[in-house]
Amino acid sequence: MRIPELKRRLREAGAGPSHEHRILRLWSHALPRDSGKRRPESFFPSSLLAALPSIEADLAGLARIHAVHPGADGSERLLVALADGQTVESVLLPRDGLCVSSQVGCAVGCQFCMTGRDGLLRQLGSAEIIAQVALARARRPVRKVVFMGMGEPAHNLDNVMEAIDLLGTVGNIGHKNLVFSTVGDERSFERLHQQRVRPALALSLHTTKAELRRRLLPRAPNMAPEELVAACERYARTTGYPIQYQWTLLEGVNDGEEEIEGIVRLLSGKYGVLNMIPFNAVDGVAFSRPSWERCEQMARTLHQRGILTKLRYSAGQDVDGGCGQLRARAAEIRVPLRRAEDRR
Ligand code: SF4
């Protein structure tokens, strides 16, 4: 379901702008209908009151939590089941953050990511994205939403922009606390500029070498790292939010001296921060994580050379490795169960 469709249903049931605003606000905050001072019976028209149970049931049916995997760092990985049985991941991050998914699967096919293995299975509707926030808010406060879960937001731009607009208005999330994370796409850069809610931007850079990037991110738009950084810089200067350049550290692939030189050349003087995240080992993915000493040394060298660099472990990594892994595991469990049923 998409948010415009939900708004149309509300209007057809007699909702005016203030009723619609209240329903969307309560839904995106996971609050019950009778929250606040004004009772729904005195505030909503009777036609809307009659239609609400069915609309609320449809919203509640969009997504449910299938499994919760708490991490030692305070994060929680949620495996979220959608109405058609597909599953996506959301991750509750320390300090009131939430990472949401924008697609089931992903067409970019990054070599180090489990989500890309099956390709794109389907897009998430904008209401399914908000449903992930509502599920998370039912567990704890959420003040930051990052689109870094399964999927490439630029490949589902209409739904992601609808969700960002709602979260940045009635959802009460500060615009710079909404983070659109992309492998880079000219169309989405242009579109982000034009929105009333302009999110912060994270770019999955991973290497400064165009040819290596084409191999690591085989179906990302063919933009050279220089072009990507130039487009990001324009966005950062217009919005006033620094760009988050993401770099998954892969041993022997993008952790060498040449990359350090490339990063200094590319990012010196740019309004952004480089987030280096050592790769999480994943079964069936032929990459490994550099030693912690090597990661620290790289980050320190870059710092000394004037690049604002943060070395991070990805949240919840003690639970299970990289993006998409929980979903892959659930799928593995489902297959033998289905076969057992078939035998009966
Ligand atoms: S890392 Fe992101 S863009 Fe790349 S395949 Fe995985 S989900 Fe898609």
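Residues numbered from 1 in each chain as written. Predicted model: local features only at pLDDT ≥ 70, side-chain atom pairs only at ≥ 80, totals over all residues. Heavy atoms only, no water.

Describing the overall build of the protein
Move 1: Helix and strand content of the protein: 12 helices and 12 strands.
Move 2: Over its C-alpha atoms, taken along the principal directions, the protein stretches across nearly 70 × 60 × 35 Å.
Move 3: By residue count, 53% of the 344 residues in the protein fall in the buried class.
Move 4: The contacts of the protein with a sequence gap of at least 6 include a subset with a gap of at least 24, amounting to 67%.
Move 5: Counting only carbon and sulfur atoms, one obtains 50% of the accessible surface of the protein, whose full area is about 15300 Å².
Move 6: Here the protein holds 48 positive side-chain charges and 39 negative ones, and the gap between their average locations is 4 Å. (Helix = DSSP H or I, 4+ residues; strand = E, 2+ residues; numbered from the N terminus. Buried < 20%, exposed > 50% of the residue type's maximum accessible area, 1.4 Å probe, protein only. Contact = heavy atoms within 4.5 Å. Areas by Shrake-Rupley, 256 points an atom, 1.4 Å probe, with all protein chains shown as cover. Lys, Arg positive; Asp, Glu negative; His and termini not counted. Charge placed at Lys NZ, Arg CZ, Asp CG, Glu CD.)

Focus on the packing of helix α10 (residues 257-267) against helix α11 (residues 292-304)
Move 1: Where α10 meets α11, the closest approach of the two axes is 10 Å, and the angle between their N-to-C directions is 30°. In terms of axis orientation, α10 runs roughly parallel to α11. Read as a crossing pair, α10 and α11 show a hand that is right-handed. Every residue of α11 that contacts α10 at E257, I260, I263 and V264 is listed here: R294, M298, T301 and L302.
Move 2: Its residues assigned to classes, the contact of α10 with α11 shows five nonpolar, one polar and two charged. (Axes fitted to C-alpha atoms, helices over the stretch in contact; angles between N-to-C directions. Parallel < 35°, antiparallel > 145°, perpendicular 65-115°, else oblique. Left-handed = near helix turned anticlockwise from the far one by under 90°. Nonpolar A, V, L, I, M, F, W, Y, C, P; charged D, E, K, R; others polar.)

Let's talk about the site of the ligand
Move 1: If you check the shell around the ligand, you find nine residues, and the closest are C106, G109, C110, C113 and G151.
Move 2: Taken together, the residues of the shell around the ligand sort by class into six nonpolar, three polar and no charged. (Near = heavy atom within 4 Å.)

Observations regarding the packing of helix α1 (residues 3-12) against helix α2 (residues 17-28)
Move 1: Where α1 meets α2, the axes come as close as 10 Å, and the angle between the chain directions of the two elements is 135°. Between α1 and α2, the crossing angle belongs to the class labelled oblique. The way α1 lies across α2 gives a crossing that is right-handed. Judged by residue contacts, L6, K7, L10 and R11 of α1 engage E20, I23, L24 and W27 from α2.
Move 2: Residue classes in the contact of α1 with α2 are distributed as five nonpolar, no polar and three charged.

A few points about the nonpolar core
Move 1: Counting residues in hydrophobic clusters, the biggest one holds 76 residues, and the most contacted among them are V145, F180, Y245 and L274.
Move 2: Within the second largest apolar cluster, 15 residues are counted, among which are C110, C113, A220 and V282. (Core = buried A, V, L, I, M, F, W, Y, C linked by side-chain atoms within 4.5 Å.)

Considering the pattern of salt bridges
Move 1: One pass over the structure, following the stated rule, counts 19 salt bridges.
Move 2: Between E258 and K209 there is a salt bridge, and its shortest N-O distance comes to 3.1 Å. Of this pair, E258 sits in helix α10 while K209 sits in the loop between β9 (200-204) and α8 (210-216); the two residues are 49 residues apart in sequence, bridging distant segments of the chain.
Move 3: Note on E258: relative accessible area 58%, which makes it exposed.
Move 4: What you see here is one network of salt bridges that share partners, running through D84, R122 and E128. (Salt bridge = Lys/Arg side-chain N within 4 Å of Asp/Glu carboxyl O.)

Some remarks on the packing of aromatic side chains
Move 1: This structure, assessed with the given rule, holds two aromatic pairs.
Move 2: Taking the centre distance of 5.4 Å and the plane angle of 40° together, the rings of F43 and F44 count as tilted.
Move 3: Here F44 falls in the buried class, since its relative accessible area comes to 4%.
Move 4: A ring pair is formed by F279 and F287, whose centres lie 6.3 Å apart and whose planes are at 75°; its orientation type is edge-to-face. (Phe/Tyr/Trp six-rings, centres within 6.5 Å; stacked < 30°, edge-to-face > 60°.)

Some thoughts on the pairing of strand β2 (residues 76-82)
Move 1: Burial analysis of β2 places seven of its seven residues in the buried class, the great majority of the element.
Move 2: Because side chains alternate across β2, one face comprises the buried residues E76, L78, V80 and L82, and the other comprises R77, L79 and A81, equally buried.
Move 3: Summarising the sheet, strand β1 (residues 63-70) and β2 pair through seven bridges and their orientation is antiparallel. Opposite V68, over in β2, you have L78 as the bridge partner.
Move 4: Count of turn residues in the β1/β2 antiparallel hairpin: five residues, of which G74 carries a positive phi of about 95°.
Move 5: Of the pairings in the sheet, the one linking β2 to strand β3 (residues 87-93) comprises six bridges and is antiparallel in character. When the bridges of β3 are listed, R77 appears paired with V91. (Pairing = 2+ DSSP bridges.)

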